[in-house]
Amino acid sequence: MENKNYQDTARQIVEIVGRDNIISATHCATRLRLIVKDKDVIDEKKLEKVPFVKGTFFNAGQYQVILGTGIVNKVYAGIEQMNLKTLSKQEQDEIIKKQQKGVKRLMRMLGDIFVPIIPVIAATGLFLGLKGCLFNDNVLALFGANSSMIPNYIVTLVNVLTETAFAFLPAIICWSAFKVFGGTPVIGMVIGLMLVSPILPNAYSVADPNSGIEAVKAFGGIPIVGCQGSVLTAILTALIGASLEKKLRKVMPNALDLIMTPFIVMLATFLATILGIGPVMHIVELKLVQIVELLIGIPFGIGGFLIGATYPLLVITGLHHTYTMIETSLLANTGFNPVITLCAMYGFANVGTCLAFFAKAKKENVRQTAVGAMLSQLFGISEPVLFGIQIRYNLRPLVIMLCSSGLGAALLSVLNIQSNSYGLAVLPSYLMYIYEGRQLLWYFIVSLFSVTLCFVLTYMFGIPQEVLEADRTASQAGNDADVMETEPQTKEKTVSQPISVRINSPLAGKAVSMKEVPDDTFAAQVLGKGMAVLPDEGKVFAPCEAQVTTVFDTKHAIGLTTKDGVELLIHIGINTVELGGKYYEIHVAEGDQVQPGQLMATFDITEIQNAGYNMTTPVIVTNTDDYRLVEELAFGTVRYMDPLIRVEN
């Protein structure tokens, strides 16, 4: 009977998505992953009413149906029986790449390049903010001091912290872009360092007529200068270098490949950049920066409104990575970033949306969604709000949010507020303005205005009637009956004797709240509550006495059931299903009884991270609904077998 239920779910999913619409199907630990011809023909509301379906979203070229551990593989088995075409992970990747063309492909490329370096730039911005605050004479006067009293060695050390990342920005970008374009990252790093070598005349000094420094002339007329602050130059250099390297690797004899390929790539790419590409791209980049500054400077905040109101739409379509490149250029060339200031208002407006839904909605599941989405948004994860609330309910909340975001951005534009970093959103974003009291004060005031405006407008005009109905409806009663029929064992657990179970950490590393996990499904706790660990060693241990119920073929996830009936999923890394088991070793099998502290899996952190994957590892109580309390216990650094989660019924 149970297998029939999973087969029915599989059949309904295929019917709603469209048999002819499905190019291929695969699954990970929690989600059915479909590559489809046209995602717009899928009736998402109907699909989300199918038994066992917890949610849907489209990401990275895949239509993903969230089912949960232990269910997804059974539903997938039902789909396999329907003789649908299923492809390997490598084949799916090739199809996704072919589907992404033009602007979308460019945006994905830019995102892949800049995402790894954003933390470095954000950290540098914090250093700059602290420097501006602590070295401020007004602040020092509170302690009877002034900036002239600061020892030179402290000034030197602080300058190293605040200036290094931007001084070597082209090298950092070259390293990341080389990896994205399929080259050897260390070759890209060295070429990038060549572009900003102190031996070359500094581009900023050459541009300053009072510096007395001039460009070196090659061949009687070609100016040779460094490429300080040039983002476009670094990306184009990496594209040329990586493309040349891949071609040389195919034709170079094995005996010469180790030395001659890097030699030719470094020589040819450096000369092409420094003699031709660099000067031209730097001029283009400066013009682009000027255009953005002119847009922001349009009178009465009109330019700010346009940026603030349209940025959320770029996030929805995945085109927002364009701004990252512009922001990097602004920071490198001016030291400030007004763009992120204007774009940030949509995060605060999202908070207003969530508060309004929580305050006015009557359906308990909608209120819970609003709280979870708001907590995610407070730390910069906006997709749960965008897709879980604003787009879901007839777009009216979305339109209100766009207007609120635009008005907040317009005010900031008029007030000339600008950050000294990027990469921080909502609550952490205040740190980007501590370098000056006026900047911080006005940013704080306008951000509260954006939250309040969106809250009031959404509360008055944006809450749909369907969420204002009483929580107990006939439809819900029917759904409850279906659950009782299909999952009798789960319901029996809720009337068992009281239990209190402590789940220990299966890894050593840094404890991470589930709401901060960089994956929308985990962060929104769709699959259950729990906690995550960012590991510092590649070992996974049994967190308690349990039975191994699931070991995935891709080795990236393990399912356990404790003797008290708590069902756990340990998901090693984010989207690591795409590795197909590479860099993982599993030391247990399904059906094994494991003891606390027993080694269950090992993995190569360095190789997985170099492949571009985040190693944050969620530990999820997948049958959360059976318990009164699933509580996070850890904070900061944890050792394996330290307390992580408490479960009580």
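Since we're looking at a predicted model, the values are computed, not measured.

(A) Representation of the overall build of the chain within the structure. A count of helical and extended segments in the chain gives 25 helices and 20 strands. Every one of the 649 residues in the chain was classed for burial, and the buried ones make up 49%. A fraction of 72% describes how many contacts in the chain between residues 6 or more apart in sequence connect residues 24 or more apart. For the chain, the accessible surface area stands at approximately 30,100 Å², while carbon and sulfur atoms represent 60% of it.

(B) A look at helix α8 (residues 152-167). In α8, a bend of some 35 degrees at L161 exceeds every other bend along the element. Burial in α8 covers these residues: V158, T162, A165 and F166.

(C) Structural context of the pattern of salt bridges. Counting across every chain of the model gives nine salt bridges. Taking the shortest distance from any N to any O, the salt bridge between D257 and R249 comes out at 3.0 Å. Across the pair R639 and D642 runs a salt bridge whose closest N-O atoms are separated by 3.6 Å. Note on R639: relative accessible area 61%, which makes it exposed.

(D) How the structure looks around the sheet that holds strand β12 (residues 557-562). Read from one edge of the open sheet, eight strands run β15-β11-β12-β13-β17-β9-β8-β19, paired in antiparallel fashion. The open sheet is flanked by β15 (593-594) and β19 (637-638), the only strands paired with a single partner. Sheet topology note: the strand β8 (residues 509-513)/strand β9 (residues 529-535) ladder contains five bridges and is antiparallel. Within β9, the position partnered with A511 by the bridge is V533.

(E) Region of interest: the nonpolar core. Ranked by internal contacts, the top residues of the largest apolar core, which has 51 residues, are Y323, F357, M401 and Y443. Excluding residues that lie within four positions of it along the chain, M401 makes contacts with P312, Y346, A349, N350, T353, L386, Q390 and C454.

(F) Quick peek at the packing of aromatic side chains. Taken as a whole and judged by the stated rule, the model has 11 aromatic pairs. Plain terms: the ring middles of Y433 and Y443 are 4.0 Å apart, the flat faces sit at 20 degrees to each other, and that makes the pair stacked. Of this pair, Y433 sits in the loop between α20 (396-415) and α21 (437-462) while Y443 sits in helix α21, and the two are 10 residues apart along the sequence. Judged by its relative accessible area of 0%, Y443 falls in the buried class. Among the aromatic residues, ring-to-ring pairing joins F348, Y430, Y433, Y443 and F444 into one connected group. One Lys or Arg, K360, reaches over the ring of Y459 and ends 4.9 Å from the middle of that ring.

About the thresholds
- Residues numbered from 1 in each chain as written.
- Predicted model: local features only at pLDDT ≥ 70, side-chain atom pairs only at ≥ 80, totals over all residues.
- Heavy atoms only, no water.
- Helix = DSSP H or I, 4+ residues; strand = E, 2+ residues; numbered from the N terminus.
- Buried < 20%, exposed > 50% of the residue type's maximum accessible area, 1.4 Å probe, protein only.
- Contact = heavy atoms within 4.5 Å.
- Areas by Shrake-Rupley, 256 points an atom, 1.4 Å probe, with all protein chains shown as cover.
- Bend = angle between axes of the 7 residues up to and from the residue.
- Salt bridge = Lys/Arg side-chain N within 4 Å of Asp/Glu carboxyl O.
- Pairing = 2+ DSSP bridges.
- Core = buried A, V, L, I, M, F, W, Y, C linked by side-chain atoms within 4.5 Å.
- Phe/Tyr/Trp six-rings, centres within 6.5 Å; stacked < 30°, edge-to-face > 60°.
- Lys NZ or Arg CZ within 6 Å of the ring centre and 35° of its normal.

Just distances and angles here, no functional claims.
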